[in-house]
Amino acid sequence: MFAFIIRRILQAILVMLVISLVGFSIKNSIGDPVRDLVGERVTPKERAAMAEKLGLNDPFSTQYVRFLKNALHGDLGTSFIYRKPALEVILKHAPATIELVLGSALIIVIFSLPLGMYTALKPRSLFSRFVMGFSTLGVSVPVFLTAIGFIYLFAVTWHVLPSYGRGETVDLFGNGYWQTGFLTIDGLKHLILPCISLASIMMPLFIRLIRSEMMEVLETEYIKYARAKGLSPMRIWFVHAFKNTLLPVVTVFGIQIGIMFAFTILTETVFQWQGMGFMFLDAVQRADISLLIAYLVVVGSVFVIVNTVVDVMYGFINPTVRVAGTK
Amino acid sequence: MSHLLEVRDLEVKFALRFGDITAIDGASFKLDRGEKLGLVGESGAGKSVTGFSIINLISKPGYISKGKVLFEGKEISSYSDEQMRKIRGNSISMIFQDPMMTLNPVFTIGFQMVETIQAHRNISKAGAEKIALEKLKKVHIPSPEQRLSQYPHELSGGMRQRIIIAVSLLTDPAIIIADEPTTALDVTIQAEIMDLLQELCASDNMALILITHDLGVVSQVTEKIAVMYAGKIIEYGPTDQVVTYPVHPYTEGLIKSIPGNVVNPGEDLVQIPGMMPTLTNIPPGCAFNPRCYLRQAVCTKTTPELKDVGNSVMAACHMRYKGDGRTNQ
Ligand SMILES: Nc1ncnc2c1ncn2[C@@H]1O[C@H](COP(=O)(O)OP(=O)(O)OP(=O)(O)O)[C@@H](O)[C@H]1O
Ligand SMILES: [Mg+2]
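Since the structure is predicted, the reported quantities are computational estimates derived from the model, not experimental observations.

Definitions and cut-offs
Sequence order sets the numbering: in each chain, residues are counted from 1 along the sequence as written. In the order they appear in the text, chains get letters beginning with A and ligands get numbers beginning with 1. Whole-chain, interface and lining totals are the exception, using all residues; otherwise, since this is a predicted model, local features are given only for residues with pLDDT of at least 70 and side-chain atom pairs are given and counted only at 80 or more. To get the side-chain values, take all heavy atoms of the structure and skip hydrogens and water. Counting from the N terminus, the helices are DSSP H or I runs at least four residues long and the strands are E runs at least two residues long. Only protein chains enter the accessibility calculation, which uses a 1.4 Å probe; a residue whose area is less than 20% of its type maximum is buried, one above 50% is exposed, and one in between is partly exposed. By definition, residues are in contact when any of their heavy atoms lie within 4.5 Å. Each accessible area is a Shrake-Rupley estimate made with a 1.4 Å probe; only the visible protein chains count as cover when residues are assessed. Note that His is not counted, nor are the chain ends; the positive residues are Lys and Arg, and the negative ones are Asp and Glu. Where a charge lies is defined by one atom per residue type, namely NZ (Lys), CZ (Arg), CG (Asp) and CD (Glu). We call a residue near a molecule or strand when any one of its heavy atoms sits within 4 Å of it. Counting of polar contacts relies on pairs of N or O atoms within 3.5 Å, with two restrictions inside protein: one atom must be capable of donating a hydrogen and the other of accepting it, and residues adjacent in sequence are counted only when both atoms are side-chain atoms. For this scheme, ten residues count as nonpolar: Ala, Val, Leu, Ile, Met, Phe, Trp, Tyr, Cys and Pro. Four count as charged, namely Asp, Glu, Lys and Arg, and the remainder, Gly too, count as polar. Reported domain spans reflect what an automatic or database domain assignment gives. Defined in terms of a 1.4 Å probe, buried area is the accessible area two parts forfeit on being brought together, summed over both. What counts as a salt bridge is simple: a side-chain nitrogen of Lys or Arg found within 4 Å of a carboxyl oxygen of Asp or Glu. Pairing between two strands requires that DSSP report at least two bridges joining them. Each axis is a line fitted through C-alpha atoms, and for a helix only the stretch in contact is used; angles between axes span 0 to 180 degrees, taken between their N-to-C directions. Grid points spaced at 1 Å and placed over the protein atoms alone form the basis of the search, with a cavity being a set where a 1.4 Å probe fits but cannot get out and a pocket an open set showing protein on both sides within 12 Å along at least five of seven lines. Lining residues have an atom within 4 Å of a point. Grid points are joined across faces, edges and corners, and a volume is the space filled by probe spheres set on the points. Confidence of the predictor at the level of single residues is captured by pLDDT, which takes values from 0 to 100. In what follows, roughly perpendicular refers to angles from 65 to 115 degrees, roughly parallel to angles under 35, roughly antiparallel to angles over 145, and oblique to any angle outside these ranges. Helix crossings get a hand from a simple test, with the near helix turned counterclockwise from the far one by less than a right angle marking a left-handed crossing and a clockwise turn marking a right-handed one.

Enquirer: Could you give me a rundown of the overall build of chain A, with the residues and numbers involved?
Expert: In terms of helices and strands, chain A carries 13 helices and four strands. Residue burial in chain A is summarised as follows: out of 327 residues, 44% are buried. Look at the contacts in chain A between residues 6 or more apart in sequence, and 72% of them connect residues 24 or more apart. A total accessible area of about 16900 Å² is found for chain A, and carbon and sulfur atoms account for 70% of it. A distance of 10 Å separates the average location of the 28 positive side-chain charges in chain A from that of its 20 negative side-chain charges.

As structure tokens, this is what we get:
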């Protein structure tokens, strides 16, 4: 198990190196660190001197190593728009996005597990047919349409839920870093529509995945054997079939959570949600290359970390992997 | 006195899109305490379906359309799933063909043994583990304590089949149904597993239904034999009688095709020509008639009944009957 964890961590580091290299290459070719620091109102001569001082004329490899070193110390460049270190800007926006993703993940788990299992166990029932039909529809409707539809219904027509912003937030650690919306009624209300919209992208995928995995598992010999042993249907479904169904789903879930961070860009824009996605779009519009690259590196890291954690977790629940790792 | 198990005129159908097909057509046999019955026949003859219909666990879309299964005199074929659960894995255990696929890969051996006992007995985990250990010893597993915490993939095929046999012993069943328990294993291990099953039946006075396509194995292990062909039992009787003096030409063919087991010395090893028909195109009359060397006009018209041919043997053949000079050798 230990060797398996080490191997996964080494792989994660390798992936991070590739991401940083890509990020740095982009920054190196189109970024303008001088402008990031002093803006556009300087003479060409001053700019040249400045560039020399910043080491911008050094060979690519030297600059890349410097970029890596700085990144390890938490320095991902300076944001031109905010006039602050890029990482600080991102971290400031991260809690909003993380809460959005967390809320959506929760909704996905709460709904797709029972729905996926039910449609697998009772595939012919009317409700299963309805769920499957609905999930086909869900896959084909783009997220901004769902979001706008929700806003129109719940905010504009019925006035039951707010349609933009995070509402009332609470300072979680008392140091101003993490404003959470999970602890107030108003904050939770504001979370509902954005979370459902974001969850609606992945939900049909998960219902279908869980359903098909479960159906496959139910056809196996070991399930038939469990019945021949006289176990109750509840035990067969929720102990024997459940764990085998969940194994492949957990991995996909890990990957999809990572991808959801990217999908937040759309959701956050529609709901005016002041998170990283919102910030990203702002950075694109105003060509804040340093901030964009920093975003790329941070989201890339989150993706890699989530995947590694999920893989290690998978190793713990799947005995076959555990042995493969130790031998 | 009633028999331990009695299958009476069992008919099993599969509801397919184009209509129902009959997989088992009027099978009847009996089993007494401690008795061993062999169910033989080619692939697709309906052996497994017969085995599973005893515990009413035929895979969908199959169902029992006629006949009864009586266990200890009670008609279990009309039991609800809830009632049937108390019998499955308790009084009647099953052993499946492929030990690599039978155990759940994500649970330990101990877990899968304990849950089986707890499904049928009100007993603590520690108590159940004690029984599990005892049964593992009984099937001669080396270092049984260690096995409880192991996962199926850590064990070889032969070892897994021993464990599955141990699982089937957990509740001291009256009957074990073993569906080709050795087909997926090496030849040397096959013999070990068969020896073990025989030994256990003798020591615990358990009845065994051994499903196999290997007449050779059946003739060494069982006292009674039922030969199946295209969903029907075509010959049924004491094993030594059937193996030495086969009545139905199909049984005869099967025996002649076992190496070193030729009925009349000097004859060559022969394969029965042709193939068993699929259930959807069984010929009229006797299902075996296209492959039969005794075929007459009547064989293609009427289906022969299973009838007494003497020496406690029953056979379904128009050409062979009691007193035809062949069966009373
Ligand atoms: N799930 C099913 N759906 C439809 N037909 C089935 C199903 N299971 C079995 N059958 C039919 O029942 C017949 C008998 O099958 P069975 O599995 O009992 O054969 P068998 O004698 O055990 O053969 P084998 O030696 O290959 O295990 C098959 O030929 C098939 O036509
Ligand atoms: Mg079979």
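Now that the structure has been shown, the text picks up again.
Enquirer: Could you give me a rundown of the environment of Leu153(A), with the residues and numbers involved?
Expert: All names here are of chain A. Position of Leu153 among the secondary structure elements: in helix 7 (residues 143-157). Residue Leu153 is classed as partly exposed on the basis of its relative accessible area of 35%. Expressed as a C-alpha distance, the spacing of Leu153 and Thr308, which sit 155 residues apart in the sequence, is 40 Å.

Enquirer: Can you lay out the site of ligand 1 for me, pointing to particular residues and giving the numbers?
Expert: Residues and elements named next belong to chain B. The full set close to ligand 1 counts 14 residues, and Ser43, Gly44, Lys47, Ser48 and Val49 are the nearest of them. Contact distances for ligand 1 include 2.7 Å between an oxygen atom and a side-chain N or O atom of Ser48. Protein coverage of the free-state accessible area of ligand 1, which is 630 Å², stands at 69%. Per-class residue counts for the shell around ligand 1 are six nonpolar, four polar and four charged.

Enquirer: How would you explain helix 11 (residues 249-256) of chain B if you had to name every residue and give the values?
Expert: Residue and element names in this part refer to chain B. Along helix 11, eight of the eight residues are buried, which leaves the element largely enclosed by surrounding structure. Pro249, Tyr250, Thr251, Glu252, Gly253, Leu254, Ile255 and Lys256 are the residues of helix 11 that are buried. In this fold, the buried residues of helix 11 make contact with helix 9 (215-221), strand 9 (224-229), strand 10 (232-238) and helix 10 (239-244).

Enquirer: So what's going on with the domain arrangement of chain A? Residues and values would help.
Expert: Residues and elements named next belong to chain A. On domain assignment, one finds that chain A holds domain 1 (2-85) and domain 2 (89-325). Computed from C-alpha atoms alone, the centre-to-centre distance between domain 1 and domain 2 is 32 Å. Listed per partner, the contact involves 25 residues of domain 1 and 26 residues of domain 2. Between domain 1 and domain 2, roughly 2200 Å² of surface is buried when both sides are summed, and carbon and sulfur atoms account for 71% of that area. If you look at where domain 1 meets domain 2, you find one salt bridge. Linking domain 1 to domain 2 there are five residue pairs in polar contact (both at pLDDT 80 or more). Listed by contribution, the elements that provide at least two residues to the side of domain 1 that touches domain 2 are helix 1 (2-30), helix 2 (33-38), strand 1 (78-79) and strand 2 (84-85). It is helix 1 that contributes the most residues to the side of domain 1 that touches domain 2, 13 residues altogether. Among the residues making up the side of domain 1 that touches domain 2, the classes are represented as 16 nonpolar, four polar and five charged.

Enquirer: Can you tell me about the sheet that holds strand 7 (residues 175-179) of chain B, naming the residues and giving the values?
Expert: Residues and elements named next belong to chain B. Strand order across the open sheet formed by eight strands is 6-7-8-3-9-10-12-11, with mixed pairing between neighbours. Of all strands in the sheet, those bounded by a partner on one side alone are strand 6 (92-95) and strand 11 (307-310). Each adjacent strand pair in this sheet contributes to an overall mean axis angle of 20°, direction not counted. Here three bridges tie strand 11 to strand 12 (residues 313-315), and the two strands are oriented antiparallel to one another. Residue Asp308 lies in a different strand from strand 12, and its bridge partner there is Met314. Contacting strand 9 and strand 10, helix 11 runs over the sheet at an angle of about 105° to strand 9.

Enquirer: Describe in detail the layout of surface pockets, supporting the description with residues and values.
Expert: By volume, the largest pocket is sized at about 1100 Å³. Lining the largest pocket are 29 residues, and of these Leu121(A), Leu218(A), Glu219(A), Arg227(A) and Lys60(B) sit closest to its centre. Examining the composition of the lining of the largest pocket, we find that four residues originate from one element, helix 9 (residues 221-228) of chain A, more than from any other. Quantified by volume, the second largest pocket comes out at close to 620 Å³. Taken together, 19 residues form the lining of the second largest pocket, with Phe134(A), Gly138(A), Ser200(A), Met203(A) and Pro204(A) sitting closest to its centre.

Enquirer: Describe the confidence of the model for chain B, naming the residues involved and giving the relevant values.
Expert: Residue and element names in this part refer to chain B. On average, residues of chain B carry a pLDDT of 91, and 94% of them reach 70 or more. By mean pLDDT, strand 11 is the weakest element of chain B at 89, and helix 4 (residues 109-120) is the strongest at 97. With pTM at 0.84, the complex prediction returns an ipTM value of 0.92.

Enquirer: So what's going on with the packing of helix 1 of chain A against helix 4 (residues 60-72) of chain A? Which residues, and what values?
Expert: All names here are of chain A. The geometry of helix 1 relative to helix 4 is characterised by a closest axis approach of 10 Å and an angle of 120° between their N-to-C directions. When the axes of helix 1 and helix 4 are compared, the pair comes out oblique. Crossing of helix 1 against helix 4: the hand is right-handed. Where helix 1 approaches helix 4, its residues Leu17, Ser20, Leu21, Phe24, Ser25, Lys27 and Asn28 are matched on the opposing element by Phe60, Gln63, Tyr64, Phe67 and Leu68. For the contact of helix 1 with helix 4, a count of residues per class yields seven nonpolar, four polar and one charged.

Enquirer: Explain the sheet that holds strand 1 (residues 5-16) of chain B to me, and be specific about the residues and the numbers.
Expert: Residues and elements named next belong to chain B. Read from one edge of the open sheet, four strands run 2-1-4-5, paired in antiparallel fashion. Two strands bound the open sheet, and with one partner strand each, they are strand 2 (19-31) and strand 5 (74-75). Note: strand 1 against strand 4 (residues 62-71), eight bridges, orientation antiparallel. What sits directly across from Leu5, in strand 4, is Phe71. Together, strand 1, strand 2 and strand 4 form the strand contacts of helix 1 (residues 47-54), whose direction differs from that of strand 1 by roughly 115°.

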